[in-house]
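Report on the structure
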Amino acid sequence: MSEIETTETVATEALSQDYHDYLDEDGMIQADPRLMLGEENKPEEITTKDLMKVWFRWWWCNEVPHSFDRMVAPSLCFGLMPVLKKLYKNPIMLGEAYQRHLQFFNTQAVWGGGIISGITVSLEEERAKALNAGEDAIDASMIQNTKIGLMGPLAGIGDSIDSGTVQYIFIALFLGMAQEGSWLGAVLPFVCFATATFIYGFLFTRMGYTMGRRAALEVMKGGKIKSVISALGVLGLFMMGIMAGRYVTISTPIAFTMSGKEFVLQQTLDGILPGILPLCAVLGLFFFFQKKGMKVTQAMLGFTAILVVLGALGIL
Amino acid sequence: MSVMQALLIALFVAAVESRALGYATLTMRFSPLMAGFVVGLVLGNMPLAMTTVATIQLIYMGVVAPGGAMPSEPCIASAMAVSTVIVGNLEPEAAVAIAVPVGLLGSYLYQLRFFLNTFAITKMDACAVKADSKGLAFWIGFMPTLFSFVLFVPLMFVALYLGAPVVSGFMDTISNGPVLHVLSTVGGGLAALGIAITMHVIGNRKLLVFFFLAYFLQVITAQAGITMITWAIFGVIIALCYGMFTEKAAE
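Thresholds, definitions, all that
Residues numbered from 1 in each chain as written. Chains lettered and ligands numbered in written order. Predicted model: local features only at pLDDT ≥ 70, side-chain atom pairs only at ≥ 80, totals over all residues. Helix = DSSP H or I, 4+ residues; strand = E, 2+ residues; numbered from the N terminus. Buried ≥ 20, exposed ≤ 12 C-beta atoms within 10 Å, placed from the backbone. Rg over C-alpha atoms; globule rule 2.2 N^0.38 Å. Axes fitted to C-alpha atoms, helices over the stretch in contact; angles between N-to-C directions. Parallel < 35°, antiparallel > 145°, perpendicular 65-115°, else oblique. Left-handed = near helix turned anticlockwise from the far one by under 90°. Contact = placed C-beta atoms within 7 Å. Nonpolar A, V, L, I, M, F, W, Y, C, P; charged D, E, K, R; others polar. Domains from an automatic or database assignment. Expected span 1.5 Å × (residues − 1). Pairing = 2+ DSSP bridges. Bend = angle between axes of the 7 residues up to and from the residue. pLDDT = per-residue confidence, 0-100. Core = buried A, V, L, I, M, F, W, Y, C linked by C-beta atoms within 7 Å.

**What about the overall build of chain B?**
- Of regular secondary structure, chain B possesses 10 helices and 0 strands.
- What you see in chain B, going N to C, is helices and strands ordered as α-α-α-α-α-α-α-α-α-α.
- Along the three orthogonal principal directions, the C-alpha set of chain B runs to about 60 × 60 × 25 Å.
- Counting only residues that meet the buried cut, chain B has 53% of its 251 residues in that class.

Next comes the structure, spelled out in structure tokens:
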């Protein structure tokens, strides 16, 4: 080890090839960048096929090893593995890269995962090539900070668009078929959502790779994506309006006879504004969530209790 | 329900909850529909399975999992509730009363899975430092899947095989006139919950006007039998118009 510290131009062979010699007190490899020099360590080119591999592996593994302490970091590491193997031919450098991508990470699969895995591939490639050429390379911590910085905002966008809007637009579209007893009502939303997200997730991966860190900025600030998001919002709310009118069935059976004339409350309500009761229920809950945040369990239990009581009393 | 049928449904639930079918499991886990479909297929009563699961879907609209954990597990809830309804040939409304508590319990199981996965982490670290790619892939991809199957298959099997007939018999005895009325009130009303959650997730109050537009269009044309696909086409056209006009304004 002393040779490394004393001579600048030490041959690659003279560096230790045992990872134990590079471990810091936390058990993390702090590899000597000179391990990357030499023709045998030359990183291979990254192709579109590699990006597809990364996306598919991440897509498959996305939630499998989810845990409390690292969240979905191992999934991203699993996705990046084929690319890291092509970039870091030296096992110590590869081990360092694996360790780097096992650190805490959590994001949404398509918007976050797609874009971030693309960006990470481009940064790792840049770093590996520079190290191999003996030039100044991107610092490993910069790659990590890029991932950490982007994961939250992109997950926010992805959760509300994919799981919150796109998924429910597909479900709303085919729910009628399910209600009539057709199996297509279950299979079609599943197939449509899985196919759509797989395709645009891969496009995000490619975009992240070609644009690097600018890709994330494009998504978060870019005008085009912003108008796509609000157009999806319009469609989503429109479909929820149809759903509410069609499937929320709250009506009152209250009826009595007053001085020989029959009085049916629901008819009176329909005369004023058709569908007023379901509308009140939806809006009441909506404003509850807007005010108190997403307290789903609380709202569900409370609202069920109200419905049970009113139903049992014969008011609903 | 035979041993084989209970086992098949339990295996499907484990495959979804382990997330071992990739991101495709998102709809399978967040929505009860696919679990209902599998139960219908295995128990041989697709029409009843689908009408039942459509009722459950309405209360689970809008379920999202920021950070991975959800307040309820629609897949587990649906596997249990739809099985129970088919075994006892109950009214679809009865499914709601079974799905809600089962779904809440299911969410604890899913969190237990996160806890079990932490045991694989030390092994991953050990493989990573040695640049052992095979070992790393094994501990990231295979072992957590196995943990989930060990967790979910036996529990779901017992719940379905022993639990479903008991719950079904119990529901059958109480589901007379007044109780069934309460259940269908709850089912029809809870649909409002999922819709409100979805609206909250979309989150843009400025766009709420499009909700009102659609709501009253649907209410006044209820008798006309306009299909969901037709409404979706209108929705897309309106969304495109909105995009065009706002783009103009932004320029």
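**With respect to the overall build of chain A**
- Helix and strand content of chain A: 12 helices and 2 strands.
- Helices and strands in chain A line up, N terminus first, as α-α-α-α-α-α-α-α-α-β-β-α-α-α.
- Taken over C-alpha atoms, the radius of gyration comes to 28 Å for chain A, far larger than the 20 Å a tight globule of 316 residues would show.
- Dimensions of chain A, computed from C-alpha atoms along their principal axes, come out at roughly 110 × 35 × 35 Å.
- A total of 316 residues make up chain A; the buried ones form 46% of that total.

**Brief notes about the packing of helix 1 (residues 3-17) of chain B against helix 3 (residues 33-43) of chain B**
Residue and element names in this part refer to chain B.
- Remark: helix 1 packs on helix 3, axes separated minimally by 10 Å, with the N-to-C direction vectors making an angle of 160°. With respect to each other, helix 1 and helix 3 are oriented roughly antiparallel. When you trace helix 1 past helix 3, the crossing you get is right-handed. Facing Q5, L8, I9, F12 and V13 of helix 1, the residues of helix 3 in contact are A35, V38, V39, V42 and L43.
- Residues that form the contact of helix 1 with helix 3 fall into these classes: 9 nonpolar, 1 polar and no charged.

**Overview of the interface of chain B and chain A**
- Taken residue by residue, the interface counts 98 residues in chain B and 97 residues in chain A.
- Among the secondary structure elements, those contributing two or more residues to the side of chain B that touches chain A are helix 2 (25-30), helix 3, helix 4 (46-59), helix 6 (94-129), helix 7 (133-174), helix 8 (177-202), helix 9 (208-220) and helix 10 (228-250) of chain B.
- The dominant element in the side of chain B that touches chain A, judged by the number of residues it contributes, is helix 8 of chain B, at 19 residues.
- Taken together, the residues that form the side of chain B that touches chain A break down as 65 nonpolar, 29 polar and 4 charged.

**Considerations on the domain arrangement of chain B**
- Assigned domains of chain B: these are domain 1 (3-203) and domain 2 (204-251).
- Relative placement of domain 1 of chain B and domain 2 of chain B: their C-alpha centres are 33 Å apart.

**Re the packing of helix 3 (residues 73-87) of chain A against helix 5 (residues 111-133) of chain A**
Residues and elements named next belong to chain A.
- In the contact formed by helix 3 and helix 5, the axes pass within 11 Å of each other and the chain directions differ by 25°. When the interaxial angle is binned, helix 3 and helix 5 end up roughly parallel. Judged by the twist between their axes, the crossing of helix 3 over helix 5 is right-handed. Where helix 3 abuts helix 5, its residues L76, G79, L80, V83, L84 and L87 lie against S117, T120, V121, E124, E125 and A128.

**Here's the deal with helix 8 of chain B**
Residues and elements named next belong to chain B.
- Counted at 1.5 Å a residue, the expected span for helix 8 with its 26 residues is 38 Å, and the 39 Å between its end C-alpha atoms agrees.
- Where burial is concerned, most of helix 8 is hidden: 20 out of the 26 residues are buried.
- Downstream of helix 8 by a residue or two, G203 has a phi angle that is positive, lying close to 75°.

**Some points on the pairing of strand 2 (residues 261-264) of chain A**
Residue and element names in this part refer to chain A.
- Examined bridge by bridge, strand 1 (residues 255-258) and strand 2 share 4 bridges and lie antiparallel to one another. Looking at the pairing, A255 lines up with V264 of strand 2.
- In this antiparallel pair of consecutive strands, strand 1 and strand 2, the connection spans 2 residues, and S259 shows a positive phi of 40°.

**Brief notes about the environment of A:L232**
Residues and elements named next belong to chain A.
- For L232, the position within the fold is in helix 9 (residues 223-247).
- Separated by 63 residues in sequence, L232 and I169 place their C-alpha atoms 9.2 Å apart.
- Leaving out residues up to four positions away in the same chain, L232 has contacts with I161, T165 and V166.

**Observations concerning helix 6 of chain B**
Residue and element names in this part refer to chain B.
- With 36 residues, helix 6 extends 54 Å between its outermost C-alpha atoms, agreeing within 8% with the 52 Å of an ideal straight helix rising 1.5 Å per residue.
- At F119, helix 6 shows its maximal bend, which comes to roughly 30°.
- A131 sits one or two residues past helix 6 and shows a positive phi near 55°.

**Some thoughts on the environment of B:G188**
- Locating B:G188 in the fold gives a position in helix 8.
- A count of 23 C-beta atoms within 10 Å places B:G188 in the buried class.
- Along the primary structure B:G188 and B:Y108 are separated by 80 residues, whereas in three dimensions their C-alpha atoms are 27 Å apart.
- Once residues lying within four places of it in the same chain are set aside, the contact partners of B:G188 are A:V248, A:T249 and A:I250.

**Remarks on unusual backbone geometry**
Residue and element names in this part refer to chain B.
- The phi dihedral of R19 is positive, around 60°, even though this residue is not glycine.
- Structurally, R19 can be placed in the loop between helix 1 and helix 2.
- A positive phi angle, near 55°, is found at A131, a position not held by glycine.
- Assignment of secondary structure puts A131 in the loop between helix 6 and helix 7.
- The class for A131 is buried, based on 23 C-beta atoms found within 10 Å.

**Here we look at the domain arrangement of chain A**
- Per the domain assignment, the segments of chain A are domain 1 (1-247) and domain 2 (255-313).
- Here domain 1 of chain A and domain 2 of chain A have C-alpha centroids that lie 46 Å from each other.

**Focus on the confidence of the model for chain A**
- Of the residues in chain A, 96% reach a pLDDT of 70 or more, and the chain-wide mean stands at 89.
- Confidence drops under pLDDT 50 across residues 1-9 of chain A; counting only partners more than four residues distant or on other chains, this segment forms 7 contacts.

**Points about the environment of B:M4**
- Relative to the helices and strands, B:M4 resides in helix 1.
- Through-space distance from the C-alpha of B:M4 to that of B:V42 is 9.2 Å; in sequence the pair is 38 residues apart.

**Observations concerning the nonpolar core**
- Core analysis: the biggest nonpolar cluster contains 182 residues, and B:I9, B:V13, B:A192 and B:I195 have the highest contact counts within it.
- It is helix 6 (residues 140-179) of chain A that contributes the most residues to this core, 16 residues altogether.

**Observations concerning the confidence of the model for chain B**
- Taken residue by residue, chain B gives an average pLDDT of 89. The fraction at 70 or more is 95%.
- Scored as a complex, the prediction yields pTM 0.87 and ipTM 0.88.

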